[in-house]
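Understanding the architecture of this molecule
Read off the chains here:
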2 protein chains.
Amino acid sequence: MAPLPRRRLELHHPLLRRNESQAGQNRDHFHRHGLRTINLLSAPGSGKTALLEQLAHRWPRPPIGVIVGDLATDNDARRLQRAGARAVQIRTGDLCHLDAALVDQAFSQLDCSGIDLLVIENVGNLVCPAAFDLGEQRRIALLSVTEGEDKPLKYPALFKSADAVVINKIDLAEAVGFDRCIAIANLSAIAPQATLFELSAHTGKGLDVLIRWLDAKAA
Amino acid sequence: MAPLPRRRLELHHPLLRRNESQAGQNRDHFHRHGLRTINLLSAPGSGKTALLEQLAHRWPRPPIGVIVGDLATDNDARRLQRAGARAVQIRTGDLCHLDAALVDQAFSQLDCSGIDLLVIENVGNLVCPAAFDLGEQRRIALLSVTEGEDKPLKYPALFKSADAVVINKIDLAEAVGFDRCIAIANLSAIAPQATLFELSAHTGKGLDVLIRWLDAKAA
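Attention in this report is confined to the structure presented alongside it.

Once that is clear, we can look at the overall build of chain A. Assigned secondary structure in chain A consists of 8 helices and 7 strands. By the compact-globule yardstick of 17 Å for 219 residues, chain A fits well, its C-alpha radius of gyration being 17 Å. Expressed as lengths along the three principal axes of its C-alpha atoms, the size of chain A is roughly 45 × 45 × 35 Å. A total of 219 residues make up chain A; the buried ones form 59% of that total. Look at the contacts in chain A between residues 6 or more apart in sequence, and 72% of them connect residues 24 or more apart. Counting only carbon and sulfur atoms, one obtains 52% of the accessible surface of chain A, whose full area is about 8,500 Å². With 26 positive and 25 negative side-chain charges, chain A shows a spacing of 2 Å between the two charge centroids.

This is the structure:
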């Protein structure tokens, strides 16, 4: 059956135009505050919050700032505050992605004095968040080995839009029979522009390489 | 920040009305063909296709029919055909969920002679598919232990709408430190209506109980 993109594009069109304008304002705003800003996207349960807990502990100039989106609960903001981050929760209700206006509202609640890294943890969803620029400098797509090697092929828009791809939970790769070569071949086909990181947010392995990249991008 | 559901509801309203009407027609259609029909929903990589491969092998009256939705690729339909199912792929392009009209079109391509179980494998997404009735008899939400215990709290609409919840990948529970008691408490709070199954589509453990439930619902 042929792809049926038109209906959704028509729905989103005025929304996307408004979003682009607000995203530009956010980008200026972040720049004036001296912030490097990351939009972090993944499926539910891939380990976005676990990665940010590690980053909160290891970032060379703490604290980091986090704006975190979920449909419901403020569990993730509380987890990140316990890890030392300054975190503001957005509860989207039934909205399947963050947009630039929601991020702008949340940013006004964040004390960003002394912060140079702001991560926006998007709603867990490999489809809808891809179309919405939040004003970030860099976009990172996270993928865990337990989800299989084929996700870049099945959710191409998100991976094509990423500056970096993180493969998480590499400590489980053997247990789940993850085929690293196939995963990397799929990523190379869909997202050749993206820098690749392989790490475990659980054990901490590989995190230093990602942190050096984030820090260099900041300079 | 307060939930912001209105914008999305306004967008979806005419779509949802049209969808409900088509879903009713689908339900009549499936009933006339003597089919029990399941709508299977989960995050990306939770193991929907692996579960259906097992079901294709073990269903007492093969073959099963499957309509499978993905943004891109027909990988899943081909996997399921190799497992003995009659499978039709829907490629949604950038649409984040199946709807009743897409399922109706795909159903017209399925030879359902001799089939009594039809499973609709939705797009991997814990948000958008929840609002769209496809004309199914029963809705199953799938959750894997690698995603953590809190997903029912964070994606309540989907779990509240499920007749059954399957916890998959129980063979990995110990390796990922999955806390079964917390997961079941969260499910009981959000989805007390749902029958719970715990299984591994990888090893096959627990599948017989789900198959008996599907078969009894059919009688």
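Let's shift gears to the packing of aromatic side chains. All names here are of chain B. Tallying each qualifying case throughout the model produces 4 aromatic pairs over all chains. Seen in terms of ring centroids, Phe30 and Phe107 are 5.1 Å apart; in terms of plane orientation they differ by 85 degrees. Their pairing is edge-to-face. One end of the pair, Phe30, is in helix α1 (residues 6-32); the other, Phe107, is in helix α4 (residues 100-107), and 77 residues separate them in sequence.

Here we take up the interface of chain A and chain B. Opposite the 52 residues of chain A that make contact, chain B presents 52 residues. For the pair chain A and chain B, the summed buried surface comes to about 4,400 Å²; carbon and sulfur atoms form 59% of the total. On the surface where chain A and chain B come into contact, there are 4 salt bridges. Two residues, B:Asp70 and A:Lys154, come together in a salt bridge whose shortest N-O distance is 3.7 Å. Contributing elements (two or more residues each) for the side of chain A that touches chain B: α1 (6-32), α3 (75-82), β3 (86-91), α4 (100-107) and α5 (151-154) of chain A. For the side of chain A that touches chain B, the leading source of residues is α1(A), giving 6 residues. Residue composition of the side of chain A that touches chain B, by class: 27 nonpolar, 13 polar and 12 charged.

All right, on to the packing of helix α2 (residues 48-58) of chain B against helix α3 (residues 75-82) of chain B then. Residue and element names in this part refer to chain B. Direction vectors running N to C along α2 and α3 enclose 20 degrees, while the axes themselves pass 9 Å from each other. It follows that α2 is roughly parallel to α3 by the angle criterion. Where α2 crosses over α3, the two elements pack in a sense that is right-handed. Here Thr49, Ala50, Leu52 and Glu53 of α2 come into contact with α3, specifically with Asp76, Arg79 and Leu80.

Attention now goes to the pairing of strand β4 (residues 117-121) of chain B. Residue and element names in this part refer to chain B. With respect to burial, β4 is a largely interior element, 5 of its 5 residues being buried. Of the two faces of β4, both are covered, the one formed by Leu117, Val119 and Glu121 as well as the one formed by Leu118 and Ile120. For strand β1 (residues 36-41) and β4, the ladder comprises 5 bridges, and the chain directions are parallel. Within β4, the residue paired with Leu40 across the bridge is Glu121. Pairing geometry for strand β2 (residues 65-70) and β4, over 4 bridges, is parallel. Counterpart to Val66 in the pairing with β4 is Val119.

Expressed as a screw operation, the relation of chain A to chain B combines 0.0 Å of axial shift with a rotation of 180 degrees, fitting to an RMSD of 0.0 Å. The superposition of one copy onto the other is thereby described by a two-fold rotation axis. Mapped onto chain B, 100% of the interface residues of chain A again fall at the interface, so both copies present the same surface.

This next bit is on the sheet that holds strand β6 (residues 164-168) of chain A. All names here are of chain A. Spatial strand order, β3-β2-β4-β1-β5-β6-β7: 7 strands in an open sheet with parallel pairing. Both outer strands of the open sheet, β3 and β7 (195-198), are each paired with one neighbouring strand and no more. Between one strand axis and the next, the sheet turns through 20 degrees on average, direction left out of account. Across the face of the sheet, α4 comes into contact with β2 (65-70), β3 and β4 (117-121) while running at roughly 135 degrees to β3. Seen against the sheet, helix α7 (residues 180-190) touches β6 and β7 and runs at an angle of roughly 155 degrees to β7.

Core analysis: the biggest nonpolar cluster contains 52 residues, and A:Phe159 and B:Phe159 have the highest contact counts within it. Those residues in contact with A:Phe159 that sit more than four places away from it in its chain are A:Ala141, A:Leu143, A:Lys151, A:Pro152, A:Val165, A:Leu187, A:Ile190, A:Ala191 and A:Gln193.

Calculation rules
Residues numbered from 1 in each chain as written. Chains lettered and ligands numbered in written order. Predicted model: local features only at pLDDT ≥ 70, side-chain atom pairs only at ≥ 80, totals over all residues. Heavy atoms only, no water. Helix = DSSP H or I, 4+ residues; strand = E, 2+ residues; numbered from the N terminus. Rg over C-alpha atoms; globule rule 2.2 N^0.38 Å. Buried < 20%, exposed > 50% of the residue type's maximum accessible area, 1.4 Å probe, protein only. Contact = heavy atoms within 4.5 Å. Areas by Shrake-Rupley, 256 points an atom, 1.4 Å probe, with all protein chains shown as cover. Lys, Arg positive; Asp, Glu negative; His and termini not counted. Charge placed at Lys NZ, Arg CZ, Asp CG, Glu CD. Phe/Tyr/Trp six-rings, centres within 6.5 Å; stacked < 30°, edge-to-face > 60°. Buried area = accessible area lost by both parts, 1.4 Å probe. Salt bridge = Lys/Arg side-chain N within 4 Å of Asp/Glu carboxyl O. Nonpolar A, V, L, I, M, F, W, Y, C, P; charged D, E, K, R; others polar. Axes fitted to C-alpha atoms, helices over the stretch in contact; angles between N-to-C directions. Parallel < 35°, antiparallel > 145°, perpendicular 65-115°, else oblique. Left-handed = near helix turned anticlockwise from the far one by under 90°. Pairing = 2+ DSSP bridges. Least-squares fit on C-alpha atoms with pLDDT ≥ 70 in both. Core = buried A, V, L, I, M, F, W, Y, C linked by side-chain atoms within 4.5 Å.

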